[in-house]
Each structure stands twice: as C-alpha cells, then as structure tokens.
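Structural overview
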Amino acid sequence: MAVHTQSFVDELASIVGAAQVLTDRDVVAGYVTDWTGHWTGHTVAVVRPADTAEVSAVLAACHRAGVAVVPQGGNTGLVGGSIPMHGEVVLSTARLTGIEQVDPVGRTLAAGAGVTVARAQQAAREHGLDLGVDLASRDSATLGGIVSTNAGGIRVIKNGNTRSQLLGIEAVLSDGRVLTRWKELTKDNVGYDLPGLLAGSEGTLAVVTRVLMRLIVPPSETQVALVGAESVRAALRLVDGLQRAGLTLEAAELMTRAGVALVRGHRDLRAPLDVDAPFYLLVEVSGGDEAQAALFSVLEDAGTAVRGAAVEAGPAHRLWQYRESHTEAVSAESSTPPVKLDISTPLREIEPFLTALRDDLAAAFPAVRAICFGHLGDGNVHVNLLDVAVGQREAITDLVLRRVARHEGSISAEHGVGRAKAAWVGLGRTEVDLEVMRSIRAALDPATMLNPHVLPAR
Ligand SMILES: Cc1cc2nc3c(=O)[nH]c(=O)nc-3n(C[C@H](O)[C@H](O)[C@H](O)COP(=O)(O)OP(=O)(O)OC[C@H]3O[C@@H](n4cnc5c(N)ncnc54)[C@H](O)[C@@H]3O)c2cc1C
C-alpha cells in the first residue's frame, strides 16, 4: 500500500475507529462482489460509520483526498450500482441501524438507512401497521437502498413505489454537508421535492443516512389465487375484472410455463394446478369470505381464458413460493451468471413485447433460455436470460433494451440503471432530459465523487 493511501486510511480510522475501516482482502470480499456474481471490484477500504456526523466527516475526508465513494446498503442491487469497480471507498450503512420511532398516530417510521426492510416491517407490525414496500430481498435490502433505487416490489399496485412512501430524508452531500428535509406532513409544497429527487438517485447525489417513511394499515385478511391463464391478455382482463368487481388488489404477478417449471425443478415442488397453462397469474386481494366469493365469481366469468385456479386465504406461502422463488431459481439454474433486465411497457404492449422478444432471441441467441416474470399490474417484466455466453452479454442486453424502446417502454422499471444499463440510458430519454439530469448531478456533486460510474457519467 502506498504511503499516501495508508495516511488516508488512517484518517478514515480516526473518524470511525480502526475496527470500522476494513482493508483485508478476505474481509472486504463480500463488499466488492454483487448478488448476481457478475460484478467484482476492489476497494481502498470499506468504511462503516455509526451516524450521520461520521458519514459527513468520512465524505469530507474523501472529498479532500479526491477519492470517489460508492455507498452500499444490503448489496442486493441487481445492476452493479453498489460495487467499487475502480477502487472507490465503499461507504457501508451497516451500522446505521437505529429504529428511532414508530408513530402509530401519524403512521410514520423514522429509522437509520441501514435498517433492513424486514426489520422495519417487523417494527411497524408491532403497532398493527406495515411498510408499504415489500420485496423478496427484504432480509438484506436496507431502507437507504430501497430509497436510493426507488424500489418497487410486490405491493406497488396498491401502495406505489418507495418514493411514494418517503416523507422525509437526511442525507450527506459529497463534500460532507448534511441535507435534512424532515416533515411528517402529507402536504408540503415549499419548493422542490428533494426527498423525491434523492429517491432513485442510486447513490449519485448524496448518501442517505436517515429516512422518514409513511406506514400503511395492512389488510386484516387476504385471499390469494394462482390462476392458469390462456394468454397475457386474459391475465390482464382478469386483473381488470377483479378491480371492476370492487376488489382491492394487493398484488398481481405474472409467470410463464417455463418459469414455473424452472422453480419446480429447483425447489422440487409439485405442479401448482392440475392443468397446464402458458401463463400463470398470482393475485392477492384484501378481504375475507365475501372477497373470496367475489374472486370465485370473477374467475368463473372469465370462461375458457382461465384454465384452472387454486385459491387460499393469505398469506398462502405455498402459492407465493412459485413466484418468490423465481429470482433464486434463475440464479441457481443458469450455467453463467444470468443477464437480468428489469423493464416495463404500457400494459397493452406487454404481450406484443413478449412475443417479439421470443422471436428476436430465437433468431439471434437460440441457446439462451429466457424466463420472464414480473409485476403485471405495473407493466413490469423481469427478463432473465440464462446460459448467456460471457462474450454475448452486451449484445443480448442491447437486443432486449432496443426491443423495449420500440414498445414505448422503460429500460429500468425498478432496479435502476447502475453500471449494467449506463450505456443505454439514452433509450427513451431526450437529450434535454439527459442534460437536466447531468446539471442536477453537477449541482449536488460537482467533482463527481459519488458513484461516478453509475447512471450517465458527466
Ligand atoms: C432476491 C431479490 C429480489 C429482489 N426483488 C426486487 C423487487 O421486487 N423490486 C425491486 O425494486 N428490487 C428488487 N431487488 C433488488 C434490490 O433488492 C433492490 O434494488 C434494493 O432496493 C437494494 O437495496 P440494498 O440495501 O441492497 O442496496 P445496495 O444493493 O447496497 O445498493 C443499491 C444502490 O443504492 C445505492 N445505495 C444504497 N444505500 C444507499 C444509501 N444509504 N445512500 C445512497 N445510496 C445508497 C448504492 O450505491 C447502489 O447504487 C431484488 C433483489 C434480490 C436479490
């Protein structure tokens, strides 16, 4: 290690304590490889500050030394945004884990950015409330992470994405200044929505240290149906029918025959229904017996568009496991790290997109297996490509994302741009739009010290 690097590490240690500056190669290994196994980098040090003041001092020191910083929460991101590919300092929020307050009257939760989603949910549930966001990575993903990626997940259809749950934020700018916008107000129109701006900024504008989240009242009962559908159009009609019947949708998830077969093989599960179907729709609606009767009635009205269905009272883990095991099965069953492309299209375009994509892939990459699943109500499809040869990753990504653009979609529905999609960020954004984004970044982080290789670099 060069002398100047050692003195920089010593300076970081003087702020957070030597035990919280990690440099040993084996110890930092888990911080420099991402969940998918696709991105592995290296770092001068992983720093684990204990509070906002320490985060501020660490960022000021990095700024003075001209060392870039990658903020990291639970490291469950799927676009390589939390990995230091160029030797950046990793600023881990692993110690920002205080749950400061759950206010059952105002229905808010104030907590450190390093609190996991599962812990925040648990804290809210102790008061008969819940977090509006839920996702399969809940045990590791952090509040700072879901805010910074504006995570979606399975409850967006009812509650909106993470940005809609965010009331207040404390965050540290790249030079160490602390930005606090902390109001427990539903209505507050004094100027720009800065918490909303930081939501989805992927660690490029500031390091989030504390968040004030809105909480929801969870349904006391739910009904879950796993439905075999003739087509995506039939699944969409069913979702529409449930809403028109006055039912409140808690989730509406789409799977394919190939995806369910992959999960069954991976988890050794029996078939979810006694009939086979090209598509599967998993819906959860709030309510008890009455809701279940209404659900059955909509299913009957659907006629032959529905090939079969299983209905259980929530939480119905048995039915949910077919959907929730997809990410894990895709990673385990692919011979190379899967290419994971999280996209969205207008609802009317989902079926044409999936059909065209199948044809594109068959023509250009016949050996690749595509497993598509996602949040149907939000037009969000997770395109997972298995067995992609390492040298073909870029070409296949380009093929899929250009196909998305032709169907008026977004190349990132909920995982963000990160490093994985930085080259394609212009698809679906105008030049002026990109210029405005660059200006905002330059205003908050003029020297591009925060996550410099994520989102469009300046
Ligand atoms: C099994 C599985 C299921 C998933 N399901 C979903 C899903 O349904 N919906 C969905 O949206 N995502 C999903 N994800 C992706 C991932 O869990 C989310 O992106 C999550 O929000 C990342 O949180 P994290 O704490 O792990 O952040 P990290 O992975 O550590 O970081 C993600 C990004 O946020 C930045 N960041 C993290 N913390 C901070 C902070 N405090 N301040 C500033 N920047 C920060 C990082 O620099 C990086 O750019 C899934 C992932 C897995 C592995």
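Residues numbered from 1 in each chain as written. Predicted model: local features only at pLDDT ≥ 70, side-chain atom pairs only at ≥ 80, totals over all residues. Heavy atoms only, no water.

1. Brief notes about empty space enclosed by the protein
The full count for this structure, using the stated rule, is one cavity of 30 Å³ or more. One number sums up the size of the largest cavity: a volume of about 30 Å³. What lines the largest cavity is Gly153, Ile154, Val156, Ile157, Ala251, Ala252, Glu253, His375 and Asp378. Among the elements of the structure, α6 (156-159) and β12 (249-256) are those that each provide at least two residues to the lining of the largest cavity. Ranked by residues supplied to the lining of the largest cavity, first place goes to β12 with three residues. (1 Å grid on protein atoms, 1.4 Å probe; cavity = no way out; pocket = protein on both sides within 12 Å on 5 of 7 lines; lining within 4 Å. Points joined across faces, edges and corners; volume = space filled by probe spheres on them. Helix = DSSP H or I, 4+ residues; strand = E, 2+ residues; numbered from the N terminus.)

2. Digging into the sheet that holds strand β3 (residues 69-72)
Remark on secondary structure: sheet strands pair via backbone hydrogen bonds, oriented parallel or antiparallel. Taken in spatial order, the four strands line up as β1-β2-β4-β3 in an open sheet, and their pairing is mixed. Looking along the sheet, the strands with just one partner apiece sit at the ends: β1 (21-22) and β3. One ladder, built from four bridges, connects β3 with strand β4 (residues 89-92); its direction is parallel. Opposite Gln72, over in β4, you have Ser92 as the bridge partner. Against the sheet, helix α3 (residues 52-65) contacts β2 (46-47), β3 and β4, and its axis sits at roughly 170 degrees relative to β4. (Pairing = 2+ DSSP bridges. Contact = heavy atoms within 4.5 Å. Axes fitted to C-alpha atoms, helices over the stretch in contact; angles between N-to-C directions.)

3. Topic: the nonpolar core
Counting 52 residues, the largest nonpolar core has Leu12, Val89, Leu109, Leu143 and Ile146 as its most contacted members. Within the residue set of this core, elements represented by two or more residues are α1 (3-16), α3, β4, β6 (108-112), α4 (117-125), α5 (143-149), β8 (166-172) and β10 (207-216). Structurally, this core is a two-domain feature, drawing no fewer than three residues from each of domain 1 (3-92) and domain 2 (99-216). Apart from the residues lying within four places of it in its own chain, the contact partners of Ile146 are Val117, Val133, Leu135, Ala141, Ala151, Thr162 and Met213. (Core = buried A, V, L, I, M, F, W, Y, C linked by side-chain atoms within 4.5 Å. Buried < 20%, exposed > 50% of the residue type's maximum accessible area, 1.4 Å probe, protein only. Domains from an automatic or database assignment.)

4. Focus on the packing of aromatic side chains
Applying the stated criterion across every chain yields a total of zero aromatic pairs. Here Arg210 stacks its cationic end above the ring of Trp182, 4.1 Å away from the centre of that ring. (Phe/Tyr/Trp six-rings, centres within 6.5 Å; stacked < 30°, edge-to-face > 60°. Lys NZ or Arg CZ within 6 Å of the ring centre and 35° of its normal.)

5. Examining the sheet that holds β12
In spatial order, the strands read β14-β11-β13-β12-β16-β17-β15; together these seven strands make up an open sheet with antiparallel pairing. At either end of the open sheet lies a strand with only one pairing partner, and these are β14 (306-313) and β15 (339-344). Going from strand to strand, the sheet's axes swing by 15 degrees on average, the running direction of each strand aside. The sheet contact formed by β15 and strand β17 (residues 380-386) spans six bridges and is antiparallel. Among the inter-strand pairings, Val339 is bridged to a residue of β17, identified as Leu385. Contacting β11 (222-229), β13 (279-286) and β14, helix α11 (residues 289-301) runs over the sheet at an angle of about 175 degrees to β14.

6. Topic: the environment of Met213
Position of Met213 among the secondary structure elements: in strand β10. A relative accessible area of 0% places Met213 in the buried class. C-alpha separation for the pair Met213 and Leu269, spaced 56 residues apart in sequence, amounts to 37 Å. In contact with Met213, other than residues within four places in its own chain, are Arg107, Thr108, Leu109, Leu131, Ile146, Val147, Thr162, Gln165 and Leu166.

7. Thoughts on the site of the ligand
Around the ligand, the structure places 36 residues, and the nearest of them are Pro71, Thr76, Gly77, Ser137 and Thr142. Within the side chain of Thr149, a nitrogen or oxygen atom sits 2.8 Å from an oxygen atom of the ligand. Contact with the protein chains hides 96% of the accessible area of the ligand, taken as 980 Å² for the molecule alone. Secondary structure elements with two or more residues in the shell around the ligand: β3, α5 and β10. With five residues, the top contributor of residues to the shell around the ligand is α5. Here the shell around the ligand is composed, by residue class, of 12 nonpolar, 22 polar and two charged. In this structure, the shell around the ligand is formed jointly by two domains, domain 1 (3-92) and domain 2 (99-216), each of which donates at least three residues. (Near = heavy atom within 4 Å. Polar contact = N/O pair within 3.5 Å; in protein donor to acceptor, adjacent residues only side chain to side chain. Areas by Shrake-Rupley, 256 points an atom, 1.4 Å probe, with all protein chains shown as cover. Nonpolar A, V, L, I, M, F, W, Y, C, P; charged D, E, K, R; others polar.)

8. Comments concerning the pairing of β17
In terms of burial, β17 is a largely internal element, seven of the seven residues being buried. Every second residue of β17 is oriented toward a common face, with Asn380, His382, Asn384 and Leu386 on one face and Val381, Val383 and Leu385 on the other, all of them buried. Pairing between strand β16 (residues 369-375) and β17: seven bridges, direction antiparallel. By the bridge assignment for β17, Arg369 is matched with Leu386. The turn linking β16 back onto β17 is made up of four residues, and Gly379 within it adopts a positive phi angle of 65 degrees.

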